[in-house]
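Letter by letter, the chains look like this.
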Amino acid sequence: MAIPSYATRGERIWHYVFLGLCALIFLFLVGPLLIIIPLSFNAQPYFTFSEAMLTLDPAGYSLRWYEDFFTSRAWLGAIKNSFIIGIASTILATILGTVAALGLSSRYMPARGAIMALLISPMIVPLIISAAAMFFFFSKINLAQTYLGVILAHTALGIPFVVITVTATLSSFDTTLIRAAHSLGANPTRTFFKVVLPLVTPGVVSGALFAFITSFDEVVVVLFVAGPEQRTMPIQMWSGIREQISPTILAVATLLVLLSMLLLTTLELLRRRSERLRGITPE
Amino acid sequence: MSESPASPLTTADGVPLKVSLRRAVRRSKVKAFLLVSPLLLFLGVAFVMPIVEMLWRSVENAEVSTYLPRTVEALEGWDGGSLPEEPAFAALAEDLRTGQEARNLGLLSSRLNYEKSGMRSAISRTARGVRNLEPPFRESLVEAHRAWGELDTWRLIQREARPYTISYYLAAVDRRLSLDGEIVKVPDHLEVHVGLFWRTFWMSAVITGLTLVLGYPIAFLLASLPLRHSNLLMILVLLPFWTSLLVRTTTWIAILQSQGVLNDLMVTLGVIADEARWQMIHNKTGTIVAMTHILLPFMILPLYSVMKTIPPSYMRAARSLGGKPFLSFRRVYFPLTVPGIAAGGILVFILSIGYYITPALVGGQSGRFITNYIAYHMQTSLNWGLAAAIASILLFVVIVFYMVFNRLIGVDKVKLG
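Residues numbered from 1 in each chain as written. Chains lettered and ligands numbered in written order. Predicted model: local features only at pLDDT ≥ 70, side-chain atom pairs only at ≥ 80, totals over all residues. Heavy atoms only, no water.

(A) Molecular detail of the overall build of chain B. Counting its secondary structure elements, chain B contains 19 helices and two strands. For a compact globule of 417 residues, the expected C-alpha radius of gyration is about 22 Å, and chain B comes in at 32 Å, more than 25% above that figure. Seen along its three principal axes, the alpha-carbon backbone of chain B occupies a region of about 100 × 95 × 35 Å. Each of the 417 residues in chain B was classed as buried or not, and the buried ones make up 49%. Long-range pairs, those at least 24 residues apart, make up 68% of the contacts in chain B between residues at least 6 apart in sequence. (Helix = DSSP H or I, 4+ residues; strand = E, 2+ residues; numbered from the N terminus. Rg over C-alpha atoms; globule rule 2.2 N^0.38 Å. Buried < 20%, exposed > 50% of the residue type's maximum accessible area, 1.4 Å probe, protein only. Contact = heavy atoms within 4.5 Å.)

Here it is, written out as C-alpha cells:
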C-alpha cells in the first residue's frame, strides 16, 4: 500500500496513523498467543510474570510445568484419547466428505443448494445444541459414553470443512486437463493418478486437517457425549481451568500454539503447491 | 441438418437424440446423487435425527400417562368441578403402589413439581406409605398428604395426561400455565431466561460491532498490499484462527485476571493503585474481550475476500473526479464492501449467540449467555425438557439468520483459510 505521489500532508499523516492502528490490532490478535509462551516457563505457580522473570534471572524460569505435563497420567491419557478420536473421525469425515464433494460438483446434482445447506449445518448449529441433541439421541441408542459415539459426533462436526474445501478445489478443477491427458495417450487410470489426484489432493488434505483440528479442539460435544473413559485434551484443559488452575495449562497451551503453527505452515505449503501445479503464481 | 423436419434427429443406434440426452442427464443426476447419499445418510442419523429428537423432547409429555395410567383412565370424563369419586383415588393408590415397587416415580414427581410446587414431596411421601393405605382411598390418601384433597392436584393430573405440552416453551420464556389454563408470568425472582436471551443478543451485537471496527482496517490493509506481503500478514490472522479455543480463552484469563499480566503492568506503570486493580474477568468485559478476539478472524476473512475483488482503480478514479479521500471512500469503496460486512457480521453474530465455552470460563455471573443455561438445565437441574425448549428457540433464531446468510451470500461461497 504505497502512498500515491499526489497525497497531501494530511493524507500522509493519516496513512501512518492507519498503519499504527493496524499494528495495534495485529498485536491484539497475536499478542495474547505469544504472551503465554514465556509465562509457561514460570518457576512460580502464577499466571503472571514474576519479578525474577522480568529481570531475566534464570532462577525465575523452569521447565517444571512441562515436566508436570509429560509425567501426568491424566494428561497423557487425554492426549491419547484426543488422537484416537481425532484420527478416526478425520478418516471418516474425509472419505464421506470427499465422495460427496465429487457428487456436489457435478453439473447435474439435483437440489444442490438445499443439500449443501444441510451438509454445512453442523458448522452453523451452536455446539451446545448439537451436544444436547446428540446426548439425548446417543443415550437412547447406547452410544453415549463410548468411543464410537464421540467419533461419530466429531465426524458430523468435521464434515462441513471437508465438503467446503474439497468442493472449492473441484470447482476450480479444469476438466480440459483430463481430455488433454486422454489425447496424449493416457488411459483413465493413469489420468486419475497422474493428473486428477495430484491436483485434488491438496484440497482433500487441507479439508482433513480442518476436520482433525475441529475434533482435536472440541469441548462441548465431548463434555456431553463422552464418559470419563473418553476424556480428551480439551476436556482436561476445561476442567483444569474450572477447578485447579495450574500453570501446567500454560505449558499445554504453548504446545498447542506450536501445533497450530505447524498446521498452518503445512496448509500454506499445500496451497502453494496446488497453485504451482495449476500454474498460478503469486504476483 | 435433417432433410425432412418430420423425422427427429437420432443417435447412431436409432434412439431419438432428445430421449438419449434426457437419459444421459438422468444417469448423471443419479450418479451425482448416489455419491452424496452416503454422507446424507450419515448426517441424517448422526446429526439430523438427534436434532429432531430434541425438538420432540421439548414438547413431549409422557410422564403422567406412563406412570399414572389407571388414574388417567379413571379421570376420563371427570368435569373438574369437585373432587373425583372413589375409583379415581383407588386408581391413584394402585398406580403409586406399582410405581413404588418399580422405583420409577422420580420422573413423574419432577414433572408435576414443575407445574405445582410441593408435588414432589406429596408423591414421594404418599408412595412410601402406600402399602398401608386402607380403602376407602378417598379418605386415606387425603390423610396421607393433603395435596390429594385439593381440586387443583386432580385437574393438573388430568391436564398433564395429554401427550404434548407447551409448558417447557412457556418456562423458557419465564411463563407458565396456571391451573385455570391461563398463561401467567413466573414470580420475579424466578425470571431468568428472557433476560438471558436479550443479554445474549445484545452482547453478541456488541461483539459483532467490535469485530467489524477492528476487522475492517485489517481486511483493507491485507487487500491493498501486494500478495507477497499480505500473505505474511495473513498468517497473523490465521494463527489465532487455528489455535485452540481453550488456549485463547486461557490466555485471556492470564492477561485479564486481577493478578494478571495487564493489571500487573498497570500497577507497575503507576496507572492504577495496587488495591484498585481492574476487574476485567468473570464479568461482561471478560466475555466481550475474549470473544471479540476469538471471532475476529471470522470477520476479517469474508471482508478480505470481498475487498480483494474491488479494483484499486475505482478509488483512483473517484479521486481524479475530485472526490476528497473520505468522500471517495464513503461513496465508492465502502458501498462495495457492504456484502462483506453482511457476510462477516451474520457469521460472527451466529457464532457468538451459540458460544458456550468462553462465556462459561470468563463470563462469571454477569457475562453468561443463554447457552450456559442450556448446559445448566442439562447437567444440574436435570430439567431436560426445558433445556430442549431453550435450545430449540435458540436453534430457530440461528436458522433464521443462517437462511438470511444463505440467501445473501450462499453457503458454497464460504471460504476457509
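(B) Representation of helix H3 (residues 64–71) of chain A in the model. Residues and elements named next belong to chain A. All buried positions along H3 are accounted for by Trp-65, Tyr-66 and Phe-69. Each buried residue of H3 lies within a common arc of 100° when the element is viewed along its axis, so the set occupies one face. Residues of H3 that are exposed and point over 90 degrees away from its buried face: Glu-67 and Thr-71. (Arc of directions from axis to C-beta.)

(C) Region of the structure containing the environment of Pro-84 of chain B. Tracing the sequence through the fold places Pro-84 of chain B in the loop between helix H3 (69–74) and helix H4 (86–102). Taking C-alpha positions, Pro-84 of chain B is 47 Å from Val-398 of chain B, a pair spaced 314 residues apart along the chain.

(D) Layout of the domain arrangement of chain A. Assigned domains of chain A: these are domain 1 (9–60) and domain 2 (74–245). Look at where the C-alpha atoms of domain 1 of chain A and domain 2 of chain A centre, and you get two points 35 Å apart. (Domains from an automatic or database assignment.)

(E) Main features of the side chain of Glu-115 of chain B. Residue and element names in this part refer to chain B. Along the chain, Glu-115 turns up in helix H5 (residues 106–115). At 3.0 Å, the side chain of Glu-115 and the side chain of Ser-167 are in polar contact. Those residues in contact with Glu-115, other than ones at most four positions away along the chain, are Leu-156, Arg-159, Glu-160, Ser-167, Arg-176 and Leu-177. (Polar contact = N/O pair within 3.5 Å; in protein donor to acceptor, adjacent residues only side chain to side chain.)

(F) Representation of the packing of helix H4 (residues 73–104) of chain A against helix H11 (residues 233–242) of chain A. All names here are of chain A. Remark: H4 packs on H11, axes separated minimally by 7 Å, with the N-to-C direction vectors making an angle of 140°. When the axes of H4 and H11 are compared, the pair comes out oblique. Taken together, the residues of H11 that come into contact with H4 (itself represented by Ala-74, Trp-75, Ala-78, Ile-79 and Ser-82) are Met-233, Pro-234, Gln-236 and Met-237. Looking at the contact of H4 with H11 residue by residue, the class counts come to seven nonpolar, two polar and no charged. (Axes fitted to C-alpha atoms, helices over the stretch in contact; angles between N-to-C directions. Parallel < 35°, antiparallel > 145°, perpendicular 65-115°, else oblique. Nonpolar A, V, L, I, M, F, W, Y, C, P; charged D, E, K, R; others polar.)

(G) Quick peek at the nonpolar core. One finds Leu-119, Ile-129, Phe-224 and Met-233 of chain A together with Trp-242, Tyr-356 and Ile-357 of chain B to be the most contacted residues of the largest nonpolar core, which totals 176 residues. For this core, the element with the most residues is helix H7 (residues 147–171) of chain A, which contributes 13 residues. In contact with Tyr-356 of chain B, other than residues within four places in its own chain, are Ile-128, Val-220, Leu-223 and Trp-238 of chain A together with Thr-371, Asn-372, Ala-375 and Gln-379 of chain B. Counting 25 residues, the second largest nonpolar core, distinct from the first, contains Leu-68, Ala-88, Val-130 and Trp-154 of chain B. (Core = buried A, V, L, I, M, F, W, Y, C linked by side-chain atoms within 4.5 Å.)

(H) Here's a closer look at the interface of chain B and chain A. Taken residue by residue, the interface counts 93 residues in chain B and 90 residues in chain A. For the interface between chain B and chain A, the tally reads two salt bridges. Taking the shortest distance from any N to any O, the salt bridge between Lys-140 of chain A and Glu-53 of chain B comes out at 3.3 Å. At the boundary of chain B and chain A, one finds nine residue pairs in polar contact (both at pLDDT 80 or more). Among the elements that line the side of chain B that touches chain A, the one with the most residues is helix H1 (residues 17–57) of chain B, at 22 residues. (Salt bridge = Lys/Arg side-chain N within 4 Å of Asp/Glu carboxyl O.)

(I) Inspection of the environment of Ser-110 of chain B at higher detail. Residues and elements named next belong to chain B. Tracing the backbone through its elements, the reader meets Ser-110 in helix H5. A residue is classified by how much of its surface remains accessible, and Ser-110, at 17% relative accessible area, is buried. Put simply, Ser-110 and Pro-38 are 72 residues apart on the chain and 41 Å apart in space, counted from C-alpha to C-alpha. Looking at Ser-110, its side chain comes within polar contact range of the side chain of Arg-120, at 3.4 Å.

(J) View of the pattern of salt bridges. Residues and elements named next belong to chain B. Within this structure, the stated rule accounts for 13 salt bridges over all chains. Between Arg-111 and Glu-115 there is a salt bridge; the shortest N-O distance is 3.0 Å. Here Arg-111 and its partner Glu-115 are both found in helix H5, four residues apart, which amounts to about one turn of the helix. Salt bridges sharing partners connect three or more residues here, namely Glu-63, Arg-111, Glu-115, Arg-159 and Glu-160.

(K) Structural view of the domain arrangement of chain B. Along its sequence, chain B is organised into domain 1 (1–52), domain 2 (63–161) and domain 3 (193–413). The C-alpha-based centres of domain 2 of chain B and domain 3 of chain B are spaced at 52 Å.

(L) How the structure looks around the packing of aromatic side chains. Tallied over the full model, the rule gives 29 aromatic pairs over all chains. Ring centres of Phe-220 of chain B and Tyr-333 of chain B lie 5.2 Å apart, and the angle between their planes is 90°; on these two criteria the pair is classed as edge-to-face. Of this pair, Phe-220 of chain B sits in helix H10 (residues 193–224) while Tyr-333 of chain B sits in helix H16 (residues 325–353), placing them 113 residues apart in sequence. The class of Tyr-333 of chain B is buried, set by a relative accessible area of 8%. Relative to Phe-334 of chain B, the ring of Phe-329 of chain B has its centre 6.2 Å away and its plane inclined at 50°; by these criteria the two rings are tilted. Judged by its relative accessible area of 24%, Phe-329 of chain B is partly exposed. Through pairs of rings, three or more aromatic residues link up here, namely Trp-14 and Phe-18 of chain A together with Tyr-216, Phe-220, Phe-329, Tyr-333 and Phe-334 of chain B. (Phe/Tyr/Trp six-rings, centres within 6.5 Å; stacked < 30°, edge-to-face > 60°.)

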